[in-house]
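Residues per chain are reported as follows:
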Number of protein chains: 2
Amino acid sequence: MKIALVQMSCTNGTAANLRKAIGLIGKAADKGAKIVCLQELFRTPYFCKKEEAGNFDLAEPIPGPTTEALSRIAKENSIVIIASLFEKRRKGVYHNTAVVIDADGGLLGKYRKMHIPDDPGFYEKFYFVPGDLGFRSFKTRYADIGVLVCWDQWFPEAARLTALAGADILFYPTAIGWKKGKAVEAKSYEESWRTVQRGHAIANGVYVAAANRVGTEEDFKYWGGSFVADPFGEIVRQGGSGEEIVIVDCDLKKVERTRREWPFLRDRRIDAYQGIASR
Amino acid sequence: MKIALVQMSCTNGTAANLRKAIGLIGKAADKGAKIVCLQELFRTPYFCKKEEAGNFDLAEPIPGPTTEALSRIAKENSIVIIASLFEKRRKGVYHNTAVVIDADGGLLGKYRKMHIPDDPGFYEKFYFVPGDLGFRSFKTRYADIGVLVCWDQWFPEAARLTALAGADILFYPTAIGWKKGKAVEAKSYEESWRTVQRGHAIANGVYVAAANRVGTEEDFKYWGGSFVADPFGEIVRQGGSGEEIVIVDCDLKKVERTRREWPFLRDRRIDAYQGIASR
C-alpha cells in the first residue's frame, strides 16, 4: 500500500497552487500511490508570517471549491487525498483544517488543528480557532489513518490519542522552515522535528508521514524533508529541499507485528495518567 | 552542574557489585559529578531473565543495607545518588524501585517502576508489583530531577507527567540488551531506544539521562550506550559498550530557555486529553 507525500512551493496565485497540487497528485497516482497527502495550507503561501485581517479572504468553506476539485481527482484515480485548508466556518470563526477525501471522492471527514502555535513567523493564534473535533481516526478504503497538523507534531498526546482511536498511519501536513540566515539553528531544529515524530512512531507502533512545504517566501525558507518513519521509528524515505513526491510502500501488517513484539499498549498505566489533563 | 551515568557489568557476587559501584561513584565525584545515576538493579545480574522464586532472596528493604552504604558515600562526597534496587516491601510484595539519596546522605524519596515489562528474557511481571507512587519530581540539592526505570522509557506519558511534576532532568536506570546472535536486530532496537527518549527530551524541554548495564550474562549482552540528551534532543555524550562513567555538564537554564523558544507546554490541549487515561 503506497502512500505519497507532496512537497511543493506556493505562490500568491491560489488557482495555480491548486493546479500544481492536482498535477502532482496525478503523478503520485500514476506511480501507484493510494493515499496522497499534501502539505499544510497548500493553496496559499504560508500567510501566518504576519497578522493581517485581509488574509481571512483566503479562507473557504468545507465542503467548498477546493474539496470539490480534489474529490473529482480522488474519484478519477481511486485514491485517498489528505488536504490542509484554511476553513471558514462562519464569519469570524476560522480553522486550520485537514480534510480526508476517500477513494470514491466522498468527504470522509475533517480534523481541525488542535494545537495552535504563536511564535515569530508563525502567528497562527491570530487566524485559527483551536480545533474542537478532537483526535480522530478515519477508515479510508486503504487504511485507517489519522491526520494531525504541523505544531501537533510536538505533542505526544496528539499522536497517542490518534493511534488509540485506531489510526495505523499518522499524516502530518506541515509548513516548517527558518528565517534566512538561521540555517545553522535550523539544521538542529529540523533534526529535533524529525526525532520527536520518530518517537511517536515508536511509542505507538504506527507509521508517521510528514509532508512539508518547500521554497522561499519573503524571508522564510521551508525545508521540505518530508519523510515516512516505520513503526520502529526508522526513516524509510526522506525528501530533499526541492519540489518532490515522496512515495513509500507501507506494510500495514507491521503495525500489529510491532505491537506484539513491543507491547507498550498492553502496559499503559491508565490508572495513573489523569495528570496529563492538567497543566 | 555535572551529572554522571555509571555503566558496569555485574556478577553473582552482590557485595562485589556494590563495592564496584561505590568505587565508580567515587571516581565520578572526583571528576566533579554532583548527581550520579547507577544502572537498573546494579546489585545483581539481571535476574529477570528467568522466573525463579528463589530470586526473591535478592530483594531488600528500603531503607536497608544498600541505601545505608550509598548514603554514607553520598554524604562524604556531597553528591546525589540515584540507585535502582529490588525492594522487598513485605512478604510477597516486591517492587523495582529507584531511590534518590540527597547530598546530605538523606533518603529523599523513591520511585517504584510503574510500567512492568514481560517479554522473552524480561520476565518482570513475575517479580515486581507495578509501582503505586506515581510519577514524581525530587528537589535535590543540585537540581529538580525525576527518575523513571527502563521500560518506562517507551511511554511518553511517564516522561510528560514527571516533567509536569517539575523535573528538569529525567534519569532512567536501565538494563537493556539482546540475546546473543541477534546483534543486527539489536542495532535497530538500540537506535529506537535512544530515539524515543530523545523525543521525550524534545517534547518536554528537559535533559534525559539513561544509564544502561554492560556485560554478558549467560546468553544476553547488555549494550551500554548510556547517554545524555539535551532539551533539544541532541545527544551530548554517549558511552560505549564497556564499563564507563559518562559525565555531562548540564546547563539547567537551558530548560527554561528551550521552553520559551518552543512553548509546547503553553499550548497543551488539556481539555482534550482525557482519553489518555483509557485503553
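Structure report, in brief. (Residues numbered from 1 in each chain as written. Chains lettered and ligands numbered in written order. Predicted model: local features only at pLDDT ≥ 70, side-chain atom pairs only at ≥ 80, totals over all residues. Heavy atoms only, no water.)

Here we take up the overall build of chain A. For chain A, the count of helices and strands is six helices and 15 strands. For 279 residues, the compact-globule estimate of 2.2 N^0.38 gives 19 Å, and chain A sits close to it at 18 Å. For chain A, the C-alpha atoms occupy an extent of roughly 50 × 45 × 40 Å along the three principal directions. Among the 279 residues that make up chain A, the fraction classed as buried is 62%. Partitioning the intrachain contacts of chain A with sequence separation of at least 6 by distance along the chain shows that 69% fall at a separation of at least 24. When the accessible surface of chain A is split by element, carbon and sulfur atoms take 50% of a total near 10000 Å². Positive and negative side-chain charges in chain A, numbering 41 and 35 respectively, have mean positions lying 2 Å apart. (Helix = DSSP H or I, 4+ residues; strand = E, 2+ residues; numbered from the N terminus. Rg over C-alpha atoms; globule rule 2.2 N^0.38 Å. Buried < 20%, exposed > 50% of the residue type's maximum accessible area, 1.4 Å probe, protein only. Contact = heavy atoms within 4.5 Å. Areas by Shrake-Rupley, 256 points an atom, 1.4 Å probe, with all protein chains shown as cover. Lys, Arg positive; Asp, Glu negative; His and termini not counted. Charge placed at Lys NZ, Arg CZ, Asp CG, Glu CD.)

Turning our eyes to something else, we now look at the relation of the copies chain A and chain B. In screw terms, the move from chain A to chain B is a rotation of 180° and a rise of 0.0 Å along the axis, fitting with an RMSD of 0.0 Å. Both chain copies can therefore be described as sitting about a two-fold axis. Every residue of chain A has its C-alpha some distance from the rotation axis, and the shortest such distance is that of G199(A), at 2.6 Å. Most of the interface of chain A is mirrored in chain B, where 100% of its interface residues again form contacts. (Least-squares fit on C-alpha atoms with pLDDT ≥ 70 in both.)

For helix α4 (residues 156-164) of chain B, the tally of buried residues reaches eight of nine residues, placing the bulk of the element in the interior. Two residues or fewer after α4(B) comes G166(B), characterised by a positive phi angle close to 120°.

Glancing now at the packing of aromatic side chains. All names here are of chain A. This model, assessed by the stated rule, comprises 62 aromatic pairs over all chains. Look at W193 and W223: their rings are 5.7 Å apart centre to centre, the planes differ by 70°, and that puts the pair in the edge-to-face class. With W193 in helix α5 (residues 183-204) and W223 in strand β12 (residues 220-223), the pair connects residues that are 30 residues apart, well separated along the chain. Of the residues examined, W193 reaches a relative accessible area of 0% and is grouped as buried. (Phe/Tyr/Trp six-rings, centres within 6.5 Å; stacked < 30°, edge-to-face > 60°.)

A word on the interface of chain A and chain B. Of the residues lining the interface, 47 residues belong to chain A; the matching set on chain B comes to 47 residues. Among the residues of chain A in contact with chain B, R269(A), I276(A) and R279(A) are the three that bury the most area, contributing 15% of the side total. Across the chain A-chain B interface, the total number found is 30 residue pairs in polar contact (both at pLDDT 80 or more). For the side of chain A that touches chain B, the elements supplying multiple residues, two or more each, are α4 (156-164) and α5 of chain A. Of the residues forming the side of chain A that touches chain B, the biggest block, 10 residues, is contributed by α5(A). Looking at the side of chain A that touches chain B residue by residue, the classes come out as 25 nonpolar, eight polar and 14 charged. (Buried area = accessible area lost by both parts, 1.4 Å probe. Polar contact = N/O pair within 3.5 Å; in protein donor to acceptor, adjacent residues only side chain to side chain. Nonpolar A, V, L, I, M, F, W, Y, C, P; charged D, E, K, R; others polar.)

For the rest of this paragraph, the subject is the pattern of salt bridges. Residues and elements named next belong to chain B. Evaluation of the coordinates by the stated rule reveals 46 salt bridges over all chains. Residue D144 is joined to K139 by a salt bridge in which the shortest nitrogen-to-oxygen separation is 3.1 Å. For K179, the salt bridge goes to D219, with nearest N and O atoms at 3.8 Å. Here the residue K179 occupies a position in strand β9 (residues 177-179), and D219 occupies one in the loop between β11 (214-217) and β12 (220-223), the gap between them amounting to 40 residues. (Salt bridge = Lys/Arg side-chain N within 4 Å of Asp/Glu carboxyl O.)

With that out of the way, let us pick up the nonpolar core. Ranked by internal contacts, the top residues of the largest apolar core, which has 120 residues, are W154(A), F171(A), W154(B) and F171(B). Discounting chain neighbours no more than four positions away, the residues touching W154(B) are I202(A), A203(A), W262(A), F264(A), I176(B), Y189(B), S192(B), W193(B) and V196(B). (Core = buried A, V, L, I, M, F, W, Y, C linked by side-chain atoms within 4.5 Å.)

A word on unusual backbone geometry. In this structure, P63(A) follows I62(A) across a cis peptide bond, with omega equal to 0°. For L41(B), which is not a glycine, the phi torsion comes out positive at approximately 50°. For L41(B), the position within the fold is in the loop between β2 (33-37) and α2 (65-77). A positive phi angle, near 50°, is found at E218(B), a position not held by glycine. Residue position: E218(B) is located in the loop between β11 and β12. Under the relative-accessibility criterion, E218(B) is labelled exposed at 55%.

Turning our eyes to something else, we now look at the sheet that holds β11(B). Residue and element names in this part refer to chain B. Spatial ordering of the open sheet is given by β9-β12-β11, a layout of three strands whose pairing is antiparallel. Single-partner strands in this sheet number two, and they are β9 and β11. Adjacent strand axes in the sheet meet at a mean angle of 15° when their direction is disregarded. Sheet contacts for helix α5 (residues 183-204): β9 and β12; angle to β12, the most-contacted strand, approximately 35°. (Pairing = 2+ DSSP bridges. Axes fitted to C-alpha atoms, helices over the stretch in contact; angles between N-to-C directions.)

Before going further, it helps to spend a moment on the side chain of E87(B). Residue and element names in this part refer to chain B. Along the polypeptide, E87 turns up in strand β3 (residues 80-90). Taking the relative accessible area as the measure of exposure, E87 reaches 2% and is therefore buried. Here E87 is in contact with A59, E60, I62, V93, Y94, H95, T97, K110 and R112, once residues within four sequence places are set aside.

Right, let's talk about the state of the cysteines for a bit. Linking two cysteines covalently via their sulfur atoms produces the bond known as a disulfide. Residues and elements named next belong to chain B. Going through the model one piece at a time under the given rule, you end up with zero disulfides over all chains. Of all cysteine sulfurs in the structure, the one in C150 sits closest to C48, which takes part in no disulfide; the separation is 9.7 Å. The exposure class assigned to C48 is buried, which follows from its relative accessible area of 0%. For C150, a relative accessible area of 8% corresponds to the buried category. (Disulfide = S-S within 2.5 Å.)

Let us now look at the packing of helix α1 (residues 14-30) of chain A against helix α2 (residues 65-77) of chain A. Residues and elements named next belong to chain A. Contact pair α1 / α2: the axes reach a minimum separation of 11 Å and the direction vectors enclose 15°. Considering their axes alone, α1 and α2 lie roughly parallel with respect to each other. Between α1 and α2 lies a crossing whose hand is right-handed. Contact residues: L18, I22, I25, G26 and A29 in α1; T66, A69, L70, I73 and N77 in α2. Of the residues assigned to the contact of α1 with α2, the class counts are seven nonpolar, three polar and no charged. (Parallel < 35°, antiparallel > 145°, perpendicular 65-115°, else oblique. Left-handed = near helix turned anticlockwise from the far one by under 90°.)

Residues and elements named next belong to chain B. The strand order β5-β4-β3-β2-β1-β15 describes an open sheet built from six strands, whose pairing is mixed. Of all strands in the sheet, those with a lone pairing partner are β5 (107-112) and β15 (244-249), marking the two edges. Strand-to-strand twist across the sheet, computed as the mean angle between neighbouring axes with direction ignored, equals 30°. Where strand β1 (residues 2-7) lies against β2, four bridges are found, and the strand directions are parallel. Considered in β2, the bridge of A4 is made with V36. Strands β3, β4 (93-101) and β5 of the sheet are contacted by α2, whose axis makes an angle of about 165° with β3.

This part covers the pairing of strand β11 (residues 214-217) of chain A. Residue and element names in this part refer to chain A. Pairing of β11 with β12 involves four bridges; the strand directions are antiparallel. Each residue of the ladder has a partner; that of E217, found in β12, is F220. Hairpin connection from β11 to β12: two residues lie between these consecutive antiparallel strands, with E218 at a positive phi of about 50°.

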